[in-house]
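What follows is the residue order along each chain.
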Amino acid sequence: MYSQLREDFARDGVVVIRGLFRDWIELLREAVAYNLEHPGPFFRNYNPENNSGRFIGDYCNWPNNPGYRDYILNGPAAGLAKALMGSQQVRIFHEHLLIKEPGNSKVTPWHHDEPYYCATADQTVSIWLPLDPVSRDSSLEFVAGSHQWGKLFRPRKFTGVDYQRDVDDLHPIPDIDGNRDQYRILGWELEPGDAVAFDHRTVHGAPGNRSQEHSRRVVSTRWLGDNARYVDRRGETSPPYPHLAARLKDGEALPEDEFPFIATH
């Protein structure tokens with residue numbers, strides 16, 4: 001069923017999936033409403049100075065949010081992640097809510113996710129699922145094949161500040177916008193039920209929400225394949241998970257009680 005998608009995912013580091021999540025959109029819209037009514041400790045407004053529409057986010061709430069939990073445990077995301085990764089098993093790392101309200105012009109800078117995380121695995125995938133229509137000019141974009149560059153780029157907060165790290169092996173992100181003709185940049189118009197899946201090392205970014213009519217609500221889930229392990233990034237990570245540093249050493253297996261294996265359907 002997923003053979004062509006898996007081939008494209010291995011080559012480009014990103015694929016679009018049409019219609020697979022259509023039956024889960026209403027449940028997730030309710031879950032997002034619940035999240036906004038019960039924000040977690042990591043809730044953020046990424047540009048509080050903007051009065052035309054917020055860019056907000058929250059994450060790591062799935063154990064306490066019934067809709068998120070149902071989606072992660074019983075929805076098609078785990079099976080899709082496992083198929084794309086070609087892994088023996090799949091486990092959830094975390095979910096991430098991202099909302100750009102109508103007219104919000106805040107750009108999500110070019111980055112890739114791997115250096116943000118205190119965890120890695122032999123295979124990784126994020127499933128970016130919008131709950132609203134997304135036009136091509138408001139959609140997430142990807143640099144095809146960038147997951148194979150063999151570099152980790154210095155992570156930046158969405159507020160524009162670099163993460164504090166005591167390492168010197170991180171590279172500055174290339175000037176992709178200034179040299180777009182040098183890259184194969186992929187992006188898609190999306191309807192509710194469609195999703196984009198990408199490797200944690202695939203470079204991506206997004207413009208503001210150019211719609212004046214509706215928000216761009218996204219529930220993104222991050223998945224780990226085989227040999228998932230803790231990584232000491234020697235500084236800030238996102239999500240923070242500060243207690244893991246006291247519990248684990250670099251390279252040790254992730255605890256199953258916090259990052260459980262998910263049965264696929």
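Residues numbered from 1 in each chain as written. Predicted model: local features only at pLDDT ≥ 70, side-chain atom pairs only at ≥ 80, totals over all residues. Heavy atoms only, no water.

### As for the packing of helix H2 (residues 25–37) against helix H3 (residues 66–74)
Two quantities define a packed helix pair, namely the angle between the axes and the distance from one axis to the other. Note the following rule: A fitted line through C-alpha atoms serves as each axis, taken over the contacting stretch for helices, and the angle formed by two N-to-C directions is quoted from 0 to 180°. Segments assigned H or I by DSSP are reported as helices when at least four residues long, segments assigned E as strands when at least two residues long, and all are numbered from the N terminus. Note on angle classes: values under 35 degrees are labelled roughly parallel, values over 145 roughly antiparallel, values of 65 to 115 roughly perpendicular, and the remainder oblique. Contacts are residue-level and defined by heavy atoms, with any inter-residue pair within 4.5 Å sufficient. Gly is put with the polar residues, along with every residue not named as nonpolar or charged; the nonpolar set is Ala, Val, Leu, Ile, Met, Phe, Trp, Tyr, Cys and Pro, and the charged set is Asp, Glu, Lys and Arg.
In contact at an axis separation of 7 Å, H2 and H3 are set at 140° when each is read in the N-to-C sense. Overall, the two elements H2 and H3 adopt an arrangement that is oblique. Every residue of H3 that contacts H2 at Leu27, Leu28, Ala31, Val32, Tyr34 and Asn35 is listed here: Pro66, Gly67, Tyr68, Asp70 and Tyr71. Among the residues forming the contact of H2 with H3, the class breakdown is eight nonpolar, two polar and one charged.

### Remarks on the side chain of Arg91
Our working rule: Counting of polar contacts relies on pairs of N or O atoms within 3.5 Å, with two restrictions inside protein: one atom must be capable of donating a hydrogen and the other of accepting it, and residues adjacent in sequence are counted only when both atoms are side-chain atoms.
Residue position: Arg91 is located in strand E4 (residues 91–100). Of note is the side chain of Arg91, whose polar atom sits 3.3 Å from the backbone oxygen of Leu254. Within polar-contact distance, the side chain of Arg91 engages the backbone oxygen of Phe259 at 2.8 Å. Not counting residues within four places of it along the chain, the set of residues in contact with Arg91 comprises Arg222, Trp223, Leu224, Ala228, Leu254, Pro255, Glu256, Phe259, Pro260, Phe261 and Ile262.

### A short note on the pairing of strand E10 (residues 195–198)
Filter applied, for reference: Accessible area is worked out with a 1.4 Å probe on protein chains only. A residue is then buried under 20% of its type maximum, exposed over 50%, and partly exposed in between. Here the rule is simple: two strands pair whenever DSSP picks up at least two bridges between them.
Across the two faces of E10 the burial is the same, with Ala195 and Ala197 and Val196 and Phe198 all buried. In the sheet, strand E1 (residues 14–17) pairs with E10 via four bridges, with the strands oriented antiparallel. Note that in E10 the partner of Val15 across the bridge is Ala197. Sheet topology places strand E7 (residues 124–130) next to E10; three bridges connect them, and they run antiparallel. Looking at the pairing, Ser126 lines up with Phe198 of E10.

### Let's talk about the packing of aromatic side chains
So the rule is basically this: Centres within 6.5 Å make a pair out of two Phe, Tyr or Trp rings, where for Trp the six-membered ring is used; the pair is then stacked when the planes are under 30 degrees apart, edge-to-face when over 60, and tilted otherwise. Note on criteria: charge over ring means Lys NZ or Arg CZ within 6 Å of the ring centre, with the direction from the centre no more than 35 degrees off the ring normal.
Counting across every chain of the model gives 13 aromatic pairs. Aromatic pair Trp149 and Phe153: ring centres 6.0 Å apart, planes at 85°, arrangement edge-to-face. For Phe153, a relative accessible area of 4% corresponds to the buried category. Where Trp149 meets Tyr183, the ring centres are 6.1 Å apart and the plane angle is 45°; that geometry is what we call tilted. One end of the pair, Trp149, is in the loop between strand E8 (141–143) and strand E9 (185–186); the other, Tyr183, is in the loop between E8 and E9, with 34 residues separating them in the sequence. Overall, Tyr183 belongs to the partly exposed group, its relative accessible area being 21%. Here the aromatic cluster, defined as three or more aromatic residues joined through ring pairs, consists of Phe93, Tyr117, Tyr241 and Phe259. One residue, Lys100, lies across the ring of Phe55, its end atom 4.8 Å from the ring centre.

### Section: the environment of Asp162
Structurally, Asp162 can be placed in the loop between E8 and E9. Residues Asp162 and Glu30 lie 132 residues apart in sequence; the distance between their C-alpha atoms is 34 Å. Those residues in contact with Asp162 that lie beyond four places of it in its chain are Arg154, Pro155 and Arg156.

### Overview of the sheet that holds strand E12 (residues 216–224)
Spatially, seven strands are ordered E1-E10-E7-E12-E4-E3-E2 in an open sheet, and the strand pairing comes out antiparallel. Edge positions in the open sheet fall to E1 and strand E2 (44–45), since each of these has one partner strand only. Packing of H2 onto the sheet brings it into contact with strand E3 (55–59), E4, E7 and E12, and relative to E4 it is tilted by some 75°.

### Here we look at unusual backbone geometry
For residues that are not glycine, phi is negative in most cases, and the peptide bond is trans in most cases. Note the cis peptide between Ser238 and Pro239, where omega equals -5°. Take Pro239: it is sitting in the loop between strand E13 (229–230) and helix H5 (242–247). The backbone of Asn227 shows a phi angle near 60°, a positive value even though the residue is not glycine. By secondary structure assignment, the location of Asn227 is in the loop between E12 and E13. A residue is classified by how much of its surface remains accessible, and Asn227, at 46% relative accessible area, is partly exposed.

### Description of the packing of helix H1 (residues 3–12) against helix H4 (residues 77–85)
Applied cut-off: Helix crossings are classified by the rotation of the near helix relative to the far one: an anticlockwise turn of less than a right angle makes the crossing left-handed, while a clockwise turn makes it right-handed.
Their axes nearest at 8 Å, the elements H1 and H4 cross at an angle of 60°. Relative to H4, H1 is oriented so that their crossing is right-handed. Contact residues: Leu5, Arg6 and Phe9 in H1; Ala83, Leu84 and Met85 in H4. Partitioned by chemical class, the residues of the contact of H1 with H4 number five nonpolar, no polar and one charged.

### So, H4
Where burial is concerned, most of H4 is hidden: seven out of the nine residues are buried. For H4, the complete set of buried residues consists of Ala77, Ala78, Gly79, Leu80, Ala81, Leu84 and Met85. Looking at the packing, one finds that the buried side of H4 touches H1, E1, H3, E7, E10 and E12. Just past H4, the residue Gly86 takes up positive phi, approximately 70°.

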